[in-house]
Amino acid sequence: MAKTYDVVVIGGGPAGYVAAIRCAQLGLETACVEKWINFKGDPALGGTCLNVGCIPSKVLLESSEQYHHVKEDIGNHGIRIAGVTLDLDQMMARKEDIVLQLTHGIDALFKANGVEWLRGHGKLLAGREVEVTAQDGAVDVVSADNIIIATGSRPIEMGAAPVDNAEGVIVDSTGALDFRQVPETLGVIGAGVIGLELGSVWNRLGAKVLMLEAVEDFLSLVDNQVARDALRQFKKQGLDIQLGTRVIATQKTEEGVRVRYKNKEGEHEVTVEKLLVSVGRRPNTDNIAAPEADLLFDEGGYIHVDDHCATNLPGVYAVGDVVRGPMLAHKGSEEGVMVAEIIAGQPGHLNYDAIPWVIYTNPEIAWVGRTEQSLKAAGIPYKTGSFPFSANGRAKAMDVTAGMVKLLAHAETDALLGCHIIGPFASELIQEAVLAMEFHASSEDLARTIHAHPTLYEAMHEAALSIHGRALHKINL
Ligand code: FAD
Ligand code: NAD
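Residues numbered from 1 in each chain as written. Chains lettered and ligands numbered in written order. Predicted model: local features only at pLDDT ≥ 70, side-chain atom pairs only at ≥ 80, totals over all residues. Heavy atoms only, no water.

> Go over helix α1 (residues 14–25) with me, naming the residues and quoting the values.
Taking 1.5 Å per residue, 12 residues should reach 16 Å; α1 reaches 16 Å between its end C-alpha atoms and fits that length. Burial analysis of α1 places 11 of its 12 residues in the buried class, the great majority of the element. One or two positions beyond α1, positive phi appears at Gly 27, with a value near 85°. (Helix = DSSP H or I, 4+ residues; strand = E, 2+ residues; numbered from the N terminus. Expected span 1.5 Å × (residues − 1). Buried < 20%, exposed > 50% of the residue type's maximum accessible area, 1.4 Å probe, protein only.)

> Any chance you could break down the site of ligand 1 for me, citing the residues and the numbers?
Surrounding ligand 1, one finds 37 residues, the nearest of these being Glu 34, Thr 48, Lys 58, Gly 122 and Asp 321. Here an oxygen atom of ligand 1 sits 3.3 Å away from a polar atom, N or O, in the main chain of Pro 14. Considering ligand 1 on its own, with 1,000 Å² of exposed area, one finds that the protein chains cover 94% of that surface. For the shell around ligand 1, the secondary structure elements donating two or more residues are α1, β2 (30–34), α2 (47–52), α3 (54–73), β4 (121–125) and α8 (329–343). Per-element accounting of the shell around ligand 1 gives the leading share, 4 residues, to α2. Grouping the amino acids of the shell around ligand 1 by side-chain chemistry returns 15 nonpolar, 17 polar and 5 charged. (Near = heavy atom within 4 Å. Polar contact = N/O pair within 3.5 Å; in protein donor to acceptor, adjacent residues only side chain to side chain. Areas by Shrake-Rupley, 256 points an atom, 1.4 Å probe, with all protein chains shown as cover. Nonpolar A, V, L, I, M, F, W, Y, C, P; charged D, E, K, R; others polar.)

> Before we move on, could you go through the sheet that holds strand β12 (residues 246–252) and cite the residues and values that matter?
Taking strand neighbours across the sheet as the criterion, the 3 strands line up as β12-β13-β14 in an open arrangement whose pairing is antiparallel. Single-partner strands in this sheet number two, and they are β12 and β14 (266–272). Taking the axes of each pair of neighbouring strands and ignoring which way they run, one obtains an average angle of 20° across the sheet. Strand direction decides the pairing type here: strand β13 (residues 257–263) and β14, joined by 7 bridges, are antiparallel. Paired with Arg 260 across the strands is Glu 269, a residue of β14. (Pairing = 2+ DSSP bridges. Axes fitted to C-alpha atoms, helices over the stretch in contact; angles between N-to-C directions.)

> Requested: an account of the domain arrangement of the chain, with residues and values cited.
Size of an interface: often given as the accessible area lost when the parts come together. What the domain assignment reports for the chain is domain 1 (3–155 + 282–350), domain 2 (170–279) and domain 3 (355–467). A straight line from the C-alpha centre of domain 2 to that of domain 3 covers 29 Å. When the two sides are added together, the surface that domain 2 and domain 3 hide from each other amounts to roughly 1,500 Å², 63% of it contributed by carbon and sulfur. The tally of links from domain 2 across to domain 3 stands at 1 salt bridge. (Domains from an automatic or database assignment. Buried area = accessible area lost by both parts, 1.4 Å probe. Salt bridge = Lys/Arg side-chain N within 4 Å of Asp/Glu carboxyl O.)

> Tell me about the site of ligand 2, and please be specific about residues and values.
Taken together, 21 residues lie near ligand 2, and Ile 194, Glu 197, Glu 213, Met 327 and Val 358 sit nearest. One of the backbone nitrogen or oxygen atoms of Ile 194 is found 2.8 Å away from an oxygen atom of ligand 2. In this structure, Val 358 approaches ligand 2 through a main-chain N or O atom, which is 2.7 Å from a nitrogen atom. Top contributing element to the shell around ligand 2 by residue count: helix α6 (residues 193–204), with 3 residues. In the shell around ligand 2, the residues fall into 12 nonpolar, 4 polar and 5 charged.

> Mind laying out the layout of surface pockets, listing which residues take part and the relevant values?
What the second largest pocket holds in volume is close to 1,300 Å³. Forming the boundary of the second largest pocket are 40 residues, of which Glu 65, Arg 204, Thr 361, Asn 362 and Val 400 lie nearest the centre. Top element by residues in the lining of the second largest pocket is α3. It accounts for 13 residues. Tallied by class, residues from the lining of the second largest pocket come to 13 nonpolar, 15 polar and 12 charged. (1 Å grid on protein atoms, 1.4 Å probe; cavity = no way out; pocket = protein on both sides within 12 Å on 5 of 7 lines; lining within 4 Å. Points joined across faces, edges and corners; volume = space filled by probe spheres on them.)

> Could you give an account of helix α4 (residues 88–113), with specific residues and numbers?
Under the 1.5 Å per step criterion, the end-to-end length of α4 is 38 Å for 26 residues, consistent within 8% with the ideal 38 Å. Among the residues of α4, those classed as buried are Leu 88, Met 91, Met 92, Lys 95, Val 99, Leu 100, Thr 103, Ile 106, Asp 107 and Phe 110. Buried residues in α4 make contact with α1, β2, α2, α3, β3 (116–119) and α6. After α4 finishes, the residue Gly 114 shows a positive phi value of roughly 80°. (Contact = heavy atoms within 4.5 Å.)

This is the structure we're talking about:
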């Protein structure tokens, strides 16, 4: 007879493993089916995020930033360091070590919480059963009162540039996190989040980076004013970002890859040593449900869910990248918590209007809520206030004065509608605005909150004051 659980989770990434831990905390007998095999050939938890996504990319962003800072910028502080060299092997070894520590950590958390890890490929069958196929082909079937599908996403492929990470010439993000030498030239197809983050890593380490982006509108999800500033900053750093560009064909040569592309001016050809394809990700839905299970998918190929992540099947939920909404680890994790609490009979809830986004470039870009262009398009009356880091004492001390904080509030109610930051530690600063929006704060609430001096947070305070024309450290226009 099939072993029965209260909950079976399919997928052990940040959406699935968090759902499983929360279910176990709530007293539910829980198993998680996960099939990932890591770079050492061992089964691993943590999904894309911990193994080949958020964590290794942020480790390399941090290491490359420190290298670049010591090499190029630290002289401004009156510190002279000669003979700075790059040890890429050590940088990569450190990245791998952190990935292993964190993925082993999830394993330990599973054990501590009593979550059973079923190693293998999970497939939803009819009648709330899950087939688990182990790596050696052995098949087992388990059943559960509730099933949570969290199978994540994978890179979108391009016919014109077929990826082969093992060969390491045309790669996706996984391959670009693992170059063993700094390429002299790196082509990047797609100037989105991954292209910009990984393009920045290799640019800082010495590669000449050419980015070919299909649309004319740079970072279209970002507030236009911030996107314009970001484009200027990135070009200044040497990222060659070509907008409105279509790659027609690629051909591997002895030197690397010959890339043929088209833009307004006509057709062009360039040879790069390595080519990163980063044109978005798509949901992992292949072979995750038997046809007789009748799981419903939407037009984009995502599993169809309602606001509480319930699918069309009673007792079956789906969370994370495999469902609609931004492909962000924290969004998936919070959906996992929500579903676990709903299964346990609690009122689970997620505020999709207050999900922070971060692009970990330098300067960092972070935002929450509405952009100015979306408020204009929707005809919502708004007020705006901003403050530049160039007038912030702490930013000056840190020698990181590029960028600003921009706040948007409703013109009549003063409710905070959005916050957009480009600048130092934007990833951390944004959390003040997220919290404010969660508590339905007004911009006046932020303006009346005491902010420690001298801190970067004072730029948030001044932006809120500036909405009301009473910023203290800039001229109010
Ligand atoms: P995943 O993390 O993809 O996990 C899904 C898991 O399910 C995988 O382990 C997979 O092996 C398993 N699985 C799939 N099918 C089956 C099956 N049938 N049976 C068993 N197991 C299965 N997001 C951020 O918020 N911040 C960042 O800084 C960030 N940086 C990123 C950098 C890169 C380079 C990339 C690629 C992504 C980044 N992301 C970031 C996005 C983030 O990684 C994803 O949003 C997040 O991992 C989604 O979590 P998930 O659990 O839904 O899916
Ligand atoms: P993306 O959607 O951010 O960017 C893809 C870019 O490729 C877009 O600008 C798009 O216009 C462009 N594009 C699409 N087709 C193209 C083509 N044929 N030629 C040239 N350009 C083309 O996707 P991504 O950068 O691959 O990242 C995938 C997802 O992973 C992100 O949307 C994000 O949700 C997640 N992610 C998040 C973080 C973070 O939170 N810091 C970091 C990395 C990835």
